[in-house]
Amino acid sequence: MPWNLDDDRPIYLQLMERIQHDIISGVYKPGDKIPSVRDLALDAAVNPNTMQKALSELERAGLVYSQRTSGRFITEDEKMIKKMKMELASEHIRHFFDQMHHLGFSDGETLEMIQETIRGNNNATNT
Amino acid sequence: MRPILECQQLTKKYGNFFALSNLNIALDRGQIIGLLGPNGSGKTTLIKLINGLLVPSEGHIMINGMAPGVESKRIVSYLPDRNYLNSSMRVEELLSFYVDFYDNFSMERASKMLDALEIDRRARLHTLSKGTAEKVQLILVMSRDAELYVLDEPIGGVDPAARDYILQTILTNYSENASVLISTHLIAEIENVLDRVIFLQNGQISLNATVDEIRTEYGKSVDTLFREVFRC
């Protein structure tokens, strides 16, 4: 199944994000070996050189490391993965608040609505 | 390593008409390159020059440092934009035809792809649908261990599912020191598998950049950029 990619942003960035996401969400565990560039490129239906670039950039950022003969692995630095997870979470939250601002809701109103939604969900699951 | 394809001041005139004028290109190995341009921009002329079917009016064209000829045909695998095979031949006859012609043809690779697409080897080419006949031709071309694959409109006539398979086929079969030059109008379909695109406009290069350079610089896909540059 080709990966879902936007058509207006650099492909290698989106491949990086996707792999990052897979690391954060646990598809890849710390220390896991990642598939070869060629296999990943085929899976994503993208150019192998572009996949290579995405992996090199992830390597530069320290998220993956390569061992000369045996391939590439996910970092075992769980602190780093945790930090990335928090960064991504705050990014989502900021984005959400931005959208709510566009709709004309203040932070306070938004917060209230979030709480209401949670309460609503709880009631729904309790009944 | 020297470029797999080099054009220097390459010019092709038909009478007074410049089909290509003063083209300078150097293509590296290990890349998939899209040759894009509106109808009549010179794509097929360039492809015919690469394959020695036309001779330059001026300038040079070199394949791995050689002028097109017998030696270059050994390393170039060419898919023309129309049927070039004897259509009363059966698929299996075409296979042995290719084995005889090219010492770098892999029967194993061809068989695997024919099986995957469930193509009947006993069928004669002219009894196949247009799309299936195109698949057979592409399989023949991609089953050679070439250094330069030149594909003129390889996915035009096939259905979307087969397109995915064909792109996979291209990705799987080119090696690190081989390059693939693809001419097509279906840019959005192949954009993700390309390293680089060359825009031809009235026989001249109007853009030669990687896909990600284009997306970074213009904030849009190659397909969108193409539609803007060549708006009618």
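This text goes with the structure placed above it.
Conventions we followed
The written sequence of each chain sets the order in which its residues are numbered from 1. Lettering of chains starts at A and numbering of ligands starts at 1, both following the order in which they are written. Only residues with pLDDT of at least 70 are given local features in this predicted model, and only at 80 or more are side-chain atom pairs given and counted; all residues enter the totals for whole chains, interfaces and linings. To qualify as a helix, a DSSP run of H or I must reach at least 4 residues; to qualify as a strand, a run of E must reach at least 2; elements of each kind are numbered from the N terminus. All radius of gyration figures rest on C-alpha atoms, and the globule criterion is 2.2 Å times the number of residues raised to 0.38. Put plainly, a residue is buried at 20 or more neighbouring C-beta atoms within 10 Å of its own, exposed at 12 or fewer, and partly exposed in between, counting only other residues' C-beta atoms, which are placed from the backbone. When DSSP finds two or more bridges between two strands, those strands count as paired. Note on method: axes are straight lines fitted to C-alpha atoms, helices fitted across the in-contact stretch only, with angles between N-to-C directions ranging 0 to 180 degrees. For the purpose of contact definition, each residue receives a C-beta atom placed from its backbone, and two residues are in contact when these atoms lie within 7 Å. By convention, a crossover is right-handed whenever its connection, traced from the first strand over the helix to the second and viewed with the strands pointing away, goes clockwise. Only buried residues count toward a nonpolar core: Ala, Val, Leu, Ile, Met, Phe, Trp, Tyr and Cys, linked into one set through C-beta atoms within 7 Å.

Undergrad: Explain the overall build of chain B here, please?
TA: Secondary structure assignment for chain B yields nine helices and nine strands. A globule of 232 residues ought to have a C-alpha radius of gyration of about 17 Å, and chain B, at 18 Å, matches this closely. Evaluated residue by residue, chain B yields a buried proportion of 41% over its 232 residues.

Undergrad: What am I meant to see in the sheet that holds strand S9 (residues 204-210) of chain B here?
TA: Adjacent strands of a sheet pair through backbone hydrogen bonds, lying either parallel or antiparallel. All names here are of chain B. Strand order in this open sheet of six strands is S5-S6-S7-S3-S8-S9, and the pairing throughout is mixed. Whereas interior strands pair on both sides, the edge strands pair on one side only; in this sheet they are strand S5 (76-79) and S9. Between one strand axis and the next, the sheet turns by 15 degrees as a mean value, whatever way the strands run. Looking at chain direction, strand S3 (residues 32-36) and strand S8 (residues 196-201) are connected through four bridges and run parallel. The residue of S8 that forms the bridge with Ile33 is Arg196. The strands touched by helix H8 (residues 211-218) within the sheet are S8 and S9, with S9 carrying the most contacts at an inclination of about 90 degrees.

Undergrad: Please clarify how the sheet that holds strand S4 (residues 58-63) of chain B should be interpreted in this entry.
TA: Residues and elements named next belong to chain B. Read across the sheet, three strands follow the order S2-S1-S4 without closing on themselves; strand pairing throughout is antiparallel. Where the open sheet ends on each side, the last strands, each with one partner, are strand S2 (17-27) and S4. Between one strand axis and the next, the sheet turns through 25 degrees on average, direction left out of account. In this sheet, S2 lies alongside strand S1 (residues 5-14) in antiparallel orientation, the contact comprising seven bridges. Residue pairing across strands places Cys7 opposite Ile25, the latter belonging to S2. Across the sheet, helix H1 (residues 43-50) is in contact with S1, S2 and S4; its angle to S1 comes to roughly 120 degrees.

Undergrad: Any chance you could explain the pairing of strand S7 (residues 179-183) of chain B here in plain terms?
TA: The two faces of a sheet get side chains in turn, since along a regular strand they alternate between them. Residues and elements named next belong to chain B. S7 sits mainly inside the fold: five of its five residues count as buried. Burial of S7 is two-sided: the residues Ser179, Leu181 and Ser183 facing one way and the residues Val180 and Ile182 facing the other way are all buried. Two elements, S3 and S7, share four bridges in a ladder whose sense is parallel. If you follow Gly34 over to S7, its bridge partner there is Ile182. Bridge count for strand S6 (residues 148-152) against S7 is five bridges, and the pairing is parallel. Paired with Asp152 across the bridge in S7 is Ser183. Read from S6 through helix H6 (residues 160-173) to S7, the crossover connection turns out right-handed.

Undergrad: Looking at this model, I keep getting lost on the environment of Ile23 of chain A. Mind explaining?
TA: Residue and element names in this part refer to chain A. Along the chain, Ile23 turns up in helix H1 (residues 11-24). Once the C-alpha coordinates of Ile23 and Pro10 are considered, the two residues, 13 residues apart in sequence, prove to be 21 Å apart. Leaving out residues up to four positions away in the same chain, Ile23 has contacts with Tyr28, Leu63, Ile74 and Ile81.

Undergrad: Looking at this model, I keep getting lost on the interface of chain A and chain B. Mind explaining?
TA: Accessible area lost during the coming together of the parts is what is often quoted as the interface size. Each side of the interface is counted separately: chain A has 15 residues, and chain B has 18 residues. For the side of chain A that touches chain B, the elements supplying multiple residues, two or more each, are H1, helix H2 (37-44) and helix H3 (48-60) of chain A.

Undergrad: What's the story with the nonpolar core in this structure? I'm lost.
TA: Note on soluble globular proteins: their nonpolar side chains tend to be buried together. Residue and element names in this part refer to chain B. Ile50, Leu148, Tyr149, Val150 and Val180 are the most contacted members of the largest nonpolar core, which totals 79 residues. Looking at which element gives the most residues to this core, the answer is helix H5 (residues 130-142), with seven residues. The contacts of Leu148, once residues within four sequence positions are left out, are Ile4, Leu5, Ile63, Ile75, Val76, Ala178, Ser179 and Leu181.

Undergrad: I tried to follow the environment of Gln20 of chain A on my own but got confused; where do I start?
TA: All names here are of chain A. In this fold, Gln20 is placed in helix H1. Remark: the alpha-carbon pair of Gln20 and Lys53, spanning 33 residues in sequence, is separated by 14 Å. With sequence-adjacent residues up to four places away left out, Gln20 is seen in contact with Leu63 and Met84.

In short, the description is geometric, and any link to function would need to be established separately.
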